[in-house]
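Listed here are the chains, written in short residue letters.
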Amino acid sequence: MAQVSLTFPDGSKRDYDAGVTAAEVAASISKSLGKKAISAQVDGAHYDLQWPITADASIAINTMADDAPALELIRHDLAHIMARAVQEIWPDVKVTIGPVIKDGWYYDFDRTEPFTPEDLGAIEKKMKEIINKRDAVRTEVWDRDVAVKYYQDRGEPYKVELIESIPGDEPLRMYWHGDWQDLCRGPHLQHTGQVPGDSFKLMSVAGAYWRGDSDRAMLQRIYGVAFKNKEDLRKHLNMLEEAAKRDHRKLGREMDLFHMQEEAPGQIFWHPNGWKIYTTLQDYMRRQQEKGGYVEVNTPQVVDRKLWEKSGHWEKYQENMFIVEVDEEHAREKAINALKPMNCPCHVEIFKVGLKSYRDLPLRMAEFGSCARYEPSGALHGIMRVRGFTQDDAHIFATEDQIASECQKFIDFLSEIYRDLGFEKFDILFSDRPETRAGSDEVWDKAETSLLEATRAAGIEPTLNPGEGAFYGPKLEFSLTDAIGRVWQCGTFQVDFVLPERLDATYIGQDGAKHRPVMLHRACLGSFERFIGILIEEHAGKLPFWLAPRQVVVASITSEADDYVHEVVETLVKAGVRAEADTRNEKINYKVREHSLGKVPVILAVGHREVEERTVSVRRLGQKQTSMATLDEIVSELSVAAKAPDLL
RNA sequence: GCUGCUGUAGCUCAGUGGUAGAGCACUCCCUUGGUAAGGGAGAGGUCGACAGUUCAAUCCUGUCCAGCAGCACCA
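No experiment lies behind these values; they were computed from the predicted model shown.

Conventions and cut-offs
Residues numbered from 1 in each chain as written. Chains lettered and ligands numbered in written order. Predicted model: local features only at pLDDT ≥ 70, side-chain atom pairs only at ≥ 80, totals over all residues. Heavy atoms only, no water. Helix = DSSP H or I, 4+ residues; strand = E, 2+ residues; numbered from the N terminus. Buried < 20%, exposed > 50% of the residue type's maximum accessible area, 1.4 Å probe, protein only. Contact = heavy atoms within 4.5 Å. Pairing = 2+ DSSP bridges. Axes fitted to C-alpha atoms, helices over the stretch in contact; angles between N-to-C directions. Phe/Tyr/Trp six-rings, centres within 6.5 Å; stacked < 30°, edge-to-face > 60°. Lys NZ or Arg CZ within 6 Å of the ring centre and 35° of its normal. 1 Å grid on protein atoms, 1.4 Å probe; cavity = no way out; pocket = protein on both sides within 12 Å on 5 of 7 lines; lining within 4 Å. Points joined across faces, edges and corners; volume = space filled by probe spheres on them. Core = buried A, V, L, I, M, F, W, Y, C linked by side-chain atoms within 4.5 Å. Near = heavy atom within 4 Å. Polar contact = N/O pair within 3.5 Å; in protein donor to acceptor, adjacent residues only side chain to side chain. Nonpolar A, V, L, I, M, F, W, Y, C, P; charged D, E, K, R; others polar. Domains from an automatic or database assignment. Salt bridge = Lys/Arg side-chain N within 4 Å of Asp/Glu carboxyl O.

**Student:** I would appreciate a short explanation of the overall build of chain A in the present structure.
**Tutor:** Per the secondary structure count, chain A includes 20 helices and 35 strands. Judged by the C-alpha coordinates and their principal axes, chain A covers about 90 × 75 × 60 Å. Expressed as a percentage of its 648 residues, the buried residues of chain A come to 51%. In chain A, 68% of the contacts between residues at least 6 apart in sequence involve partners at least 24 apart.

**Student:** Any chance you could explain the sheet that holds strand β18 (residues 295-296) here in plain terms?
**Tutor:** Strands in a sheet are paired, the pairing made by backbone hydrogen bonds, and the direction either parallel or antiparallel. Spatial strand order, β18-β22-β23-β30-β27-β26-β24-β25: 8 strands in an open sheet with mixed pairing. Strand pairing shows two members of the sheet lacking a second neighbour, β18 and β25 (463-465), which therefore form its edges. Pairing of strand β24 (residues 427-431) with β25 involves 3 bridges; the strand directions are parallel. Of the residues in β25, the one forming a bridge with Ser431 is Asn465. Packed onto the sheet, helix α13 (residues 403-420) meets β22 (363-372), β23 (388-398), β26 (475-481), β27 (487-496) and β30 (518-527) and runs at close to 10° relative to β30. Strands β24, β26 and β27 of the sheet are contacted by helix α14 (residues 441-457), whose axis makes an angle of about 115° with β27.

**Student:** In this structure, what is going on with the environment of Ala642? I would like to understand it.
**Tutor:** With respect to the helices and strands, Ala642 occurs in the segment after α20 (631-641). Here the alpha-carbon distance between Ala642 and Asp108, two residues 534 residues apart in the chain, equals 52 Å. Setting aside anything within four residues of it in sequence, one finds Ala642 in contact with Phe545, Trp546, Gln551, Gly576 and Val577.

**Student:** In this structure, what is going on with the packing of aromatic side chains? I would like to understand it.
**Tutor:** By convention here, two paired aromatic rings are described through the distance between centres and the angle between planes. Tallied over the entire structure, the rule returns 28 aromatic pairs. A ring pair is formed by Tyr150 and Tyr151, whose centres lie 5.1 Å apart and whose planes are at 75°; its orientation type is edge-to-face. Its relative accessible area of 2% is what places Tyr151 among the buried residues. An aromatic cluster of three or more residues is present, and its members are Phe410, Tyr418, Phe423, Phe426, Phe478, Phe493 and Phe531. Here the guanidinium or amino end of Arg387 rests over the ring plane of Tyr374, the centre of that ring lying 4.2 Å away.

**Student:** Got a minute to help me understand empty space enclosed by the protein in this structure?
**Tutor:** The gaps of empty space that remain are located by a probe, the size of a water molecule, rolled over the atoms. All told, the structure shown has 1 cavity of 30 Å³ or more when counted by the stated rule. Of the voids in this model, the largest cavity is the one considered here, and its volume is about 30 Å³. What lines the largest cavity is simply Met255, Asn273, Ala548, Pro549, Arg550, Gly598, Lys599, Val600 and Pro601.

**Student:** Before we go on, may I ask you to explain unusual backbone geometry in this structure?
**Tutor:** Where the residue is not glycine, phi is negative for most of them; where a peptide bond is considered, it is trans in most cases. Between Gly186 and Pro187 the backbone carries a cis peptide bond, its omega angle lying at -5°. In this structure, the amide linkage connecting Leu361 to the following residue, Pro362, adopts the cis form with an omega of -5°. Residue position: Pro362 is located in the loop between α12 (344-352) and β22. Backbone geometry at Arg211 places phi at a positive 60°, although glycine is not the residue there. Summarising the element assignment, Arg211 is placed in the loop between β14 (200-209) and β15 (218-226). With relative accessibility at 39%, the residue Arg211 sits in the partly exposed group. Positive phi is not limited to glycine here, since Asp256 has a value of about 55°. Position of Asp256 relative to the elements: it lies in the loop between α8 (248-254) and β16 (258-259). Among the residues examined, Asp256 registers a relative accessible area of 39% and is labelled partly exposed.

**Student:** Explain the sheet that holds strand β5 (residues 45-47) to me, please; I cannot follow it from the model alone.
**Tutor:** If you walk across this open sheet you meet the 5 strands as β2-β1-β7-β4-β5, and the pairing is mixed. Since the sheet does not close on itself, it has two edges, and those belong to β2 (13-17) and β5, each with one partner. Direction aside, neighbouring strands of the sheet carry axes that sit 40° apart on average. Note that strand β1 (residues 3-7) and strand β7 (residues 57-63) share 2 bridges and pair parallel. Directly across from Leu6, in β7, lies its bridge partner Ala57. Against the sheet, helix α1 (residues 22-29) engages β1, β2, β4 (37-42) and β7, with an angle of about 75° to β7. Sheet strands in contact with helix α3 (residues 67-89) are β4, β5 and β7, and its direction is about 115° off that of β4.

**Student:** How do you make sense of the nonpolar core when you look at a structure like this?
**Tutor:** Generally speaking, a soluble globular protein has its nonpolar side chains buried in company with each other. Within the largest apolar cluster, 62 residues are counted, with the highest numbers of intra-cluster contacts made by Leu421 and Phe531. Each residue touching Phe531, except ones within four places of it in the same chain, is listed here: Leu281, Tyr418, Leu421, Phe423, Leu480, Cys490 and Leu525. Grouped together as the second largest cluster of nonpolar side chains are 30 residues, Ala79, Ala85, Phe109 and Ile131 included.

**Student:** What am I meant to see in the protein's contact with RNA strand B here?
**Tutor:** Around RNA strand B, a shell composed of 53 residues is seen, among which Tyr317, Arg373, Ile557, Asn585 and Ser617 lie nearest. A share of 51% is what sugar and phosphate atoms reach among the atoms of RNA strand B within 4 Å of the protein. In this structure, a base nitrogen belonging to RNA strand B sits 3.0 Å away from a main-chain N or O atom of Gly378. The set of elements that each furnish at least two residues to the surface near RNA strand B consists of β14, β15, α8, α18 (588-597), α19 (608-613) and β34 (615-620). The element that contributes the greatest number of residues to the surface near RNA strand B is α18, accounting for 7 residues.

**Student:** Could you clarify how one ought to interpret the layout of surface pockets in this entry?
**Tutor:** By volume, the largest pocket amounts to about 1300 Å³. Lining of the largest pocket is provided by 40 residues; of these, Tyr317, Met342, Arg373, Lys475 and Gln489 occupy positions nearest its centre. Going through the elements one at a time, β23, β26, β27 and β30 are the ones with two or more residues in the lining of the largest pocket. For the lining of the largest pocket, the residue count by class is 14 nonpolar, 14 polar and 12 charged. Quantified by volume, the second largest pocket comes out at close to 660 Å³. Around the second largest pocket, the lining comprises 25 residues; the ones closest to its centre are Ile166, Leu183, Cys184, Arg185 and Gly186. Contributing elements (two or more residues each) for the lining of the second largest pocket: α3, α6 (157-165), β12 (172-177) and β13 (180-183).

**Student:** Is there a simple way to think about the domain arrangement of chain A in this case?
**Tutor:** When the parts of a complex come together, some accessible area is lost, and that lost area is often used as the size of the interface. Segmenting chain A into domains produces domain 1 (3-63), domain 2 (68-243), domain 3 (269-299 + 340-538) and domain 4 (552-647). Computed over C-alpha atoms only, the centres of domain 2 and domain 4 are separated by 57 Å.

**Student:** It is not clear to me how the pattern of salt bridges should be interpreted in this structure. Could you clarify?
**Tutor:** If the charged atoms of two oppositely charged side chains come close together, the side chains can form a pair. For the structure shown, the criterion picks out 39 salt bridges. The partner of Lys316 in a salt bridge is Glu315, and the shortest N-O contact between them spans 3.7 Å. For Lys316, a relative accessible area of 24% translates into the label partly exposed. Under the relative-accessibility criterion, Glu315 is labelled exposed at 59%. Among the salt bridges present, the one from Asp441 reaches Arg433, with a minimum N-O distance of 3.9 Å. Residues joined by salt bridges that share partners form a network here, namely Arg433, Arg437, Asp441, Asp445 and Glu448.

Spelled out as structure tokens, the structure:
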């Protein structure tokens with residue numbers, strides 16, 4: 001019999017008969033390891049204990065102590081156990097796929113009746129029964145024809161389609177959890193009892209398209225979370241509760257930052273507090289851009305379709321645009337306009353006025369551009385995904401050989417801004433050509449290559465995000481994560497050879513001839529709206545002092561201190577601090593509670609003692625202890641704290 | 001946009017086929033209180049919109065609108 005040589009993590013090697021399973025290998029090492037083994041890494045691949053090993057390889061036996069494989073197996077087995085439970089309760093439900101995801105798994109079903117929350121309870125109960133049965137998990141490799149016939153006979157069309165889409169040279173693997181069978185590439189545990197029955201929870205049911213295609217059937221997806229033990233599950237559920245408290249929609253209401261209403265879906269009514277954050281951030285960005293060599297412009301909101309036709313938006317982007325038709329009787333001329341969904345065409349129009357020389361490049365043209373996009377209703381989300389928003393947008397008109405240095409410059413620029421705003425870490429994705437796009441393949445080749453090279457030259461190896469580029473060019477995406485773990489694209493850097501061509505932008509080169517500039521689209525915050533949403537969630541509403549809309553409340557303890565309260569407020573306001581008085585007829589406890597809930601970073605309480613000594617009692621948000629300070633001390637401290645980081 | 005759920009006072013929510021309730025917030029009064037809710041009184045709702053069924057609809061049915069979760073979308 002042929003032999004295979006297996007290398008263990010400690011470097012030792014042992015020979016086994018070819019076709020040996022990881023289960024047998026584990027048992028050969030020690031009885032206890034044989035019992036504890038749950039899977040193996042064979043040449044780095046996650047192997048089921050039952051799979052035969054047919055070639056020399058490195059091997060490491062996994063036990064429940066190994067987090068990553070253990071969690072993967074638990075979650076994957078739970079996906080199967082859940083599908084089995086569902087089919088045991090409702091035999092006519094059709095099964096599809098059920099992968100492991102972050103913190104858990106999901107499984108998509110086709111069933112006419114919707115699953116209800118009560119159903120989830122019933123499924124969970126049935127799953128626990130299955131776990132308690134400790135049914136053996138068994139696997140076999142099947143012939144394609146046999147598998148197709150099996151699922152055709154069982155009336156499982158989704159499985160048939162899945163098999164047909166699996167490349168012909170890949171073996172088809174079947175798994176049984178007890179008598180219940182599913183097509184699955186594995187690996188799995190050895191019996192259902194290995195899954196901890198008290199550490200999972202079915203979370204929700206929602207629609208999901210078959211194969212992620214909105215033209216195909218809508219299935220019902222049940223989500224579950226699972227961990228190795230009860231304590232981890234408890235921690236996870238607790239984390240979700242904490243995350244819900246940071247939700248910017250909730251905090252936006254509690255801090256009186258903004259509201260939204262039916263008459264203007266996806267658009268924001270900024271209240272004074274929220275608008276203060278917005279303008280503070282905008283002032284900061286304006287200063288940074290001036291330092292960064294940008295010029296600021298402003299362009300029209302309502303623009304004739306003719307320009308959008310030229311730019312390509314009318315063709316590629318129309319369904320996302322607000323179209324404005326002017327009533328003929330009142331119009332001087334018949335016109336169809338659109339609210340601008342992007343600023344780029346208008347910036348090109350500014351560039352085109354007058355002759356531009358190569359000496360003018362790179363020309364960095366910035367606008368806090370208000371855009372309107374008709375986003376699908378289901379995409380709207382608080383102030384993070386809206387229909388009316390303002391980008392910190394800029395377009396850099398440059399020569400091709402300036403792309404790399406501008407890319408480098410931008411990454412430095414953005415990094416400093418993110419650091420100032422408290423984001424040390426962010427994800428960078430490289431998105432290449434989408435299916436719907438403008439421009440030839442040659443142009444795309446050039447754009448993708450130059451952007452990727454420029455990024456690498458800046459010392460960054462971005463994660464590839466295939467097919468997600470803008471319709472006019474590839475992009476780098478700088479993403480931040482919200483409280484609930486959703487990732488949002490904020491910053492972006494895009495190379496565009498298409499729009500300058502379509503709108504015929506030129507500059508006069510050193511040779512005296514006309515040349516086509518390349519256009520670099522870029523944004524740091526992305527949109528003020530989204531970025532503020534992220535800021536709120538990142539800080540759980542407790543914004544850094546300089547960004548806090550209400551920085552200081554001076555609260556009287558007795559009404560006899562009211563005059564002094566107003567004096568303190570006035571002094572602080574003069575020193576550039578956002579301070580307000582609270583001389584209401586309420587106890588100090590009440591005021592402290594209210595302003596703490598309102599996330600005011602500093603509460604200054606004053607009573608008889610402070611009036612006499614010309615001091616204040618300082619209470620900082622999140623701290624129970626108070627301290628005393630003289631009026632001069634607190635004013636000089638807070639006036640510094642109120643400055644934006646770039647002004648320090 | 002799709003699937004499911006939801007829509008009652010500013011907020012959080014209860015409730016009923018006979019046109020509605022709580023707590024907090026709000027207004028007024030009492031209280032001048034030392035660091036996360038002092039006491040009392042009062043005001044406040046076309047029960048998301050429009051149709052239909054019914055003697056009678058906030059409640060049942062339908063359509064629409066908006067929100068929530070997920071999917072799809074996301075320049």
